[in-house]
Amino acid sequence: MLEIKNISKRFGGVIALNGCTFTVPRNKITALIGPNGAGKTTLFDVVSGLIRPDDGQILLDGTQFVSQRPDAIARAGISRTWQQVRLFKYLTMLDHLVLAESNEDAKMFANLASQPRLKKDTYQNIIDRFGIDRPLDTVVTELSYGQRKLLQLAMALHRSHRLLLLDEPVAGVNQIIQEKIEKLLTDLKDKNETVVIIEHDIEFVRRLAHHIVVLDQGRVLAAGDPNVVLQDRRVIEAYLGA
Amino acid sequence: MFTPYATHILILIGIYALLGLSLNLVLGFTGLLNLGHIAFFGIGAYTSALLTLAGVPFPLALLAAGLLASVFGFFLMLAVRKIKGDYLALVTLGFSFVVYSIFLNWTGLTRGPLGIPGIPKPSLGMFTLASNQGYLVLVLIIVVLTSLFLWRLTRSRFGRVLEAVRDDDLAASVLGKPVFRLQAQSMMLSSFIAGIAGSLFAHYLTYIDPTSFFLSEIILVLTIVIIGGLGSLRGSVIAAVIILVIPEVLRFVGLPSAIVGPMRQILYAVLLIGVLLLKPRGLFGRVDLT
Amino acid sequence: MIAFQLLINGLIAGSIYALIASGFSLIYATNRFVHFAHGTTVTVSAYLLFALFSRLSLPFFIASILTIVGSGFLGWLMYVALYRPLKQRGSSNAILLVASIGLMILLENLMLLIFGADVKTLNYLTVSKGLEISGAVITPLQITIIAVAFVLLLVLWLLTRKTKLGITMRAVADNEELARISGINTDKVAIQSFILGSAIAGLAAILVALEQNIEPVMGTSLIVKGFTGAVIGGVTSLPGAVMGSYILGLAENYGIWFLPSGYKDAIAFVLLFVFLLWRPTGLLGLSKGTRD
């Protein structure tokens, strides 16, 4: 569904991505793994349009979109989360869910004319389902790190999307929240969603992913079935060597 | 009803409230430190003055003032679309210098340092707004309409999107929000209002020259916004009242007029620095200045 | 020959701008924010000189030394009373810029209040006849200005390259985090940069006061020109700031060959705007933090 073809990017003297090529299969959970500095987050940045690659192509269902702006790419159906949670520090949880709901809110004149009724029940259900035990009108800076991660995930899922890019969804959270998130991701798997996850926890990946892509020094080292790939000697060496 | 003196002060408060509200829209709600805001004020003033002197009816000139300022607002936003932080502040400041310089040097159009005297009072057909009381009514109507408009806008979902752009424009774009378009709309609306304020200024004073649209003026407007507080519309209005009334106290103390001018500027500067040091969110600010 | 006269005028203007730009650049490179009030340091110093020399009748030399000391002190005061407290509460560079503009307005109007709006002259040099060199006229004072600029900039260059003070300053300018971790007292270095940069402004004030007379708004024009020169050459680079200042001085003077003379300032403003937009790193292309 998502084809990464020969993507390269360098920052000054540092080569972040070096002819990176792989395909993300539809309706499957793909894990993107690799040692630190392998280029995983940079790749996400390129796919979501925040960084322009020096070379290469990206095709979503056959449509080229490397040169598009990040908001256009997002509207094309790509939802993304960040390893370090990025939320809007003066806004409430309710505000965030409304922002994720649709892009009708970006129309100035339409919103001056009329405002739709706020679907507070829907949003309450969402935060209940994600287990965030705070009122909707809480400003997000008052949430714990784990709650913010859950909110970020909730937003990414609530948006209409075709592809999810999740950057280390369980990094830095406690055991309880990690289990919560894993359950939510397993739900995605049951619903046949197309997801790419960057993760370091190998067992987590083994349980969850249908497909693994291993990145090292900006290029794909191996890709395929988790059990096969994780036995691959080159992969083991890359991790040990890092 | 009001004494002539009170009327005069209220008119100025109204004009500066418009400037404060519009700068707050772009700075407090959208996160753009536009130090060139005063240039739009000037563009509106000169446009309205020149058009009415050429025979254009006041309502059209007023509208044209806002629209032309808005067009410049768009081009400024286009120029700074990839710029942030203090660098953005510098470029917009540079823009205001360039505009000031045009007012000063394009003497064929603006009469340069001599300024434009004899700007006509607003008139529509047979009816001319000659009295200050009447002018106050005009200013108040515009301030109220603008305030209501901005209040409705900033309370709506659209207002939230602007604030999201302010807080983290990258995260906003990744949610699908068209960041540049939103910033441009905000800037254009802001400069439109500033242009209208410029027109009101020109037709009230009936004389304008480039010095009203330079550095010390942007500090005044910025002080109003910061003291009122970023992200608070009522803060900007209340701060405009405070900022314009306090120096008048100097007049009552009986200081000679040669002193009042610089004292007023010193007061504004001290207030600005004081607020930045001691109470950076100002009176009603919901957001920190960055 | 006009072209040569314009060259001379350009060099004179460039020298003045270079003196301003070098102090400014020193402060900017070390502290990483735009200290717009630097021009006002020149204004206050010029008035200080006036007060010491014309009002208190001190000998010119003594008054000059005291002025330079005074301007260094003013720099220290501005850092300690305004910028440092703001930085300590985590203010961004944008806030520091706004504060510096506020400071500029404050000091300018203080001068206006104390000394009045009329232009002051220092009656130190009797009106001297200009010397003629190859068809261009230049006064001894103007030669002095160019010479002083040259010598000062050379001294400054040696200072930043060869002395411990200079090298430490450049280390902080290059990478503040790293410098602090290496044990450098960055606050002390910041203070030193403000004192030194402002003292240079004091020296510039003496020359400008002699050449152009004194009025409260003189600082605004000078800092805009100095800042423009620094941006043209490369704001964090001392040689760049100097080179950019001479380019500006020459551009202004050759520019008014074609345009009405009122456009002199406009040339600076337009160049500033253009360079900030299209080549913010300056001609020497040294960046670090202008586009943040």
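If you're wondering where the values come from, they're calculated on a predicted model, not measured in any experiment. Per chain, residue numbering runs from 1 following the sequence as it is written. By the order in which they are written, chains take letters starting at A while ligands take numbers starting at 1. Local features in this predicted model are restricted to residues of pLDDT 70 or higher, and side-chain atom pairs are both shown and tallied only at a pLDDT of 80 or more, whereas totals for entire chains, interfaces and linings draw on every residue. Only hydrogens and water are set aside when side-chain values are computed; all heavy atoms of the structure are taken into account.

Novice: I keep staring at the nonpolar core and nothing clicks. Help me out?
Specialist: Side chains of nonpolar character tend, in soluble globular proteins, to be buried together. If you look at the biggest cluster of nonpolar residues, it comprises 235 residues, and the most contacted ones within it are I208 of chain B together with F36 and Y83 of chain C. For this core, the element with the most residues is helix 1 (residues 4–29) of chain B, which contributes 15 residues. Setting aside chain neighbours within four positions, we find F36 of chain C in contact with L90, L93 and F97 of chain B together with L97, S100, I101, M104 and I223 of chain C. Throughout this description, the term nonpolar core refers to a set of buried Ala, Val, Leu, Ile, Met, Phe, Trp, Tyr and Cys residues connected via side-chain atoms within 4.5 Å. Accessible area is worked out with a 1.4 Å probe on protein chains only. A residue is then buried under 20% of its type maximum, exposed over 50%, and partly exposed in between. Counting residues in each nonpolar core, the second largest holds 27 residues, with C20, I51, V66 and L215 of chain A among its members. Each helix corresponds to a stretch of at least 4 residues labelled H or I by DSSP, and each strand to a stretch of at least 2 residues labelled E; elements are numbered beginning at the N terminus. Any pair of residues with heavy atoms lying within 4.5 Å of one another is described as a contacting pair.

Novice: Sorry if this is basic, but what is going on with the sheet that holds strand 1 (residues 2–11) of chain A here?
Specialist: Strand pairing in a sheet is mediated by backbone hydrogen bonds. Such pairs are either parallel or antiparallel. Residues and elements named next belong to chain A. Taking strand neighbours across the sheet as the criterion, the four strands line up as 2-1-4-5 in an open arrangement whose pairing is antiparallel. Looking at the sheet topology across the chains shown, the edges are occupied by strand 2 (14–24) and strand 5 (63–64). Where strand 1 and strand 2 come together, seven bridges link them in antiparallel fashion. By the bridge assignment for strand 2, I7 is matched with C20. Every axis corresponds to a line fitted to the C-alpha atoms, with the helix fit spanning only the stretch in contact, and the corresponding angles, defined between N-to-C directions, vary from 0 to 180 degrees. Contacting strand 1, strand 2 and strand 4 (55–60), helix 1 (residues 40–47) crosses the sheet at an angle of about 70° to strand 2. We treat two strands as partners when DSSP finds at least two bridges between them.

Novice: When you look at the pattern of salt bridges in this model, what are you seeing that I'm missing?
Specialist: Throughout this description, the term salt bridge denotes a Lys or Arg side-chain nitrogen within 4 Å of a carboxyl oxygen of Asp or Glu. Evaluated as defined, the whole model comprises 31 salt bridges over all chains. For the salt bridge of D168 of chain B with R86 of chain A, the shortest nitrogen-to-oxygen distance reads 2.9 Å. Of this pair, D168 of chain B sits in the loop between helix 7 (157–167) and helix 8 (169–174) while R86 of chain A sits in the loop between strand 6 (78–80) and helix 3 (93–101), which puts the two residues in different chains. A single network of salt bridges, built from pairs that share partners, joins D95 of chain A together with R160, E163, R166, D167 and R286 of chain B.

Novice: What is the right way to look at the interface of chain B and chain A in this model?
Specialist: Interfaces are often sized by the amount of accessible area the parts lose when they come together. Contacts between the two partners involve 31 residues from chain B and, on the opposite side, 33 residues from chain A. By buried area we mean how much accessible surface two parts lose on assembly, using a 1.4 Å probe and totalling the loss over both. When chain B packs against chain A, close to 2900 Å² is buried across both sides, 64% of that on carbon and sulfur atoms. When the buried surface of chain B facing chain A is broken down by residue, R157, V174 and L175 of chain B rank first, second and third, together holding 27% of it. Seen at the junction of chain B and chain A, the total is three salt bridges. Where D95 of chain A meets R160 of chain B, a salt bridge forms, and the shortest distance between an N and an O atom there is 3.5 Å. Looking at the side of chain B that touches chain A, the elements with two or more residues in it are helix 6 (132–155), helix 7, helix 8 and helix 9 (179–205) of chain B. Considering each element in turn, the side of chain B that touches chain A owes the most residues, eight residues, to helix 7 of chain B. Its residues assigned to classes, the side of chain B that touches chain A comprises 14 nonpolar, four polar and 13 charged. Gly is placed with the polar residues, together with every amino acid not listed as nonpolar (Ala, Val, Leu, Ile, Met, Phe, Trp, Tyr, Cys and Pro) or charged (Asp, Glu, Lys and Arg).

Novice: Mind showing me how you'd approach the interface of chain B and chain C here?
Specialist: Across the boundary between the two partners, chain B contributes 42 residues, which contact 40 residues of chain C. Summing both partners gives a buried area of about 3500 Å² for chain B against chain C, and 81% of it is carried by carbon and sulfur. Across the contact surface, chain B and chain C share zero salt bridges. Polar contacts here mean pairs of N or O atoms no more than 3.5 Å apart (in protein, one a potential hydrogen donor and the other a potential acceptor; neighbouring residues in sequence count only if both atoms are side-chain atoms). Joining chain B to chain C, the criterion identifies three residue pairs in polar contact (both at pLDDT 80 or more). Going through the elements one at a time, helix 4 (85–105), helix 10 (215–228) and helix 12 (257–278) of chain B are the ones with two or more residues in the side of chain B that touches chain C. With 14 residues, helix 4 of chain B is the largest single contributor of residues to the side of chain B that touches chain C.

Novice: Would you take a moment to explain the sheet that holds strand 6 of chain A for this structure?
Specialist: Residues and elements named next belong to chain A. Spatially, six strands are ordered 6-7-8-3-9-10 in an open sheet, and the strand pairing comes out mixed. Of all the strands in the sheet, just strand 6 and strand 10 (219–224) have a single pairing partner and so form its edges. Pairwise comparison of adjacent strand axes, ignoring direction, gives a mean angle of 20° for this sheet. Relative to strand 7 (residues 163–167), strand 6 runs parallel, the two sharing three bridges. Residue pairing for strand 7: I78 is matched across the bridge by L163.

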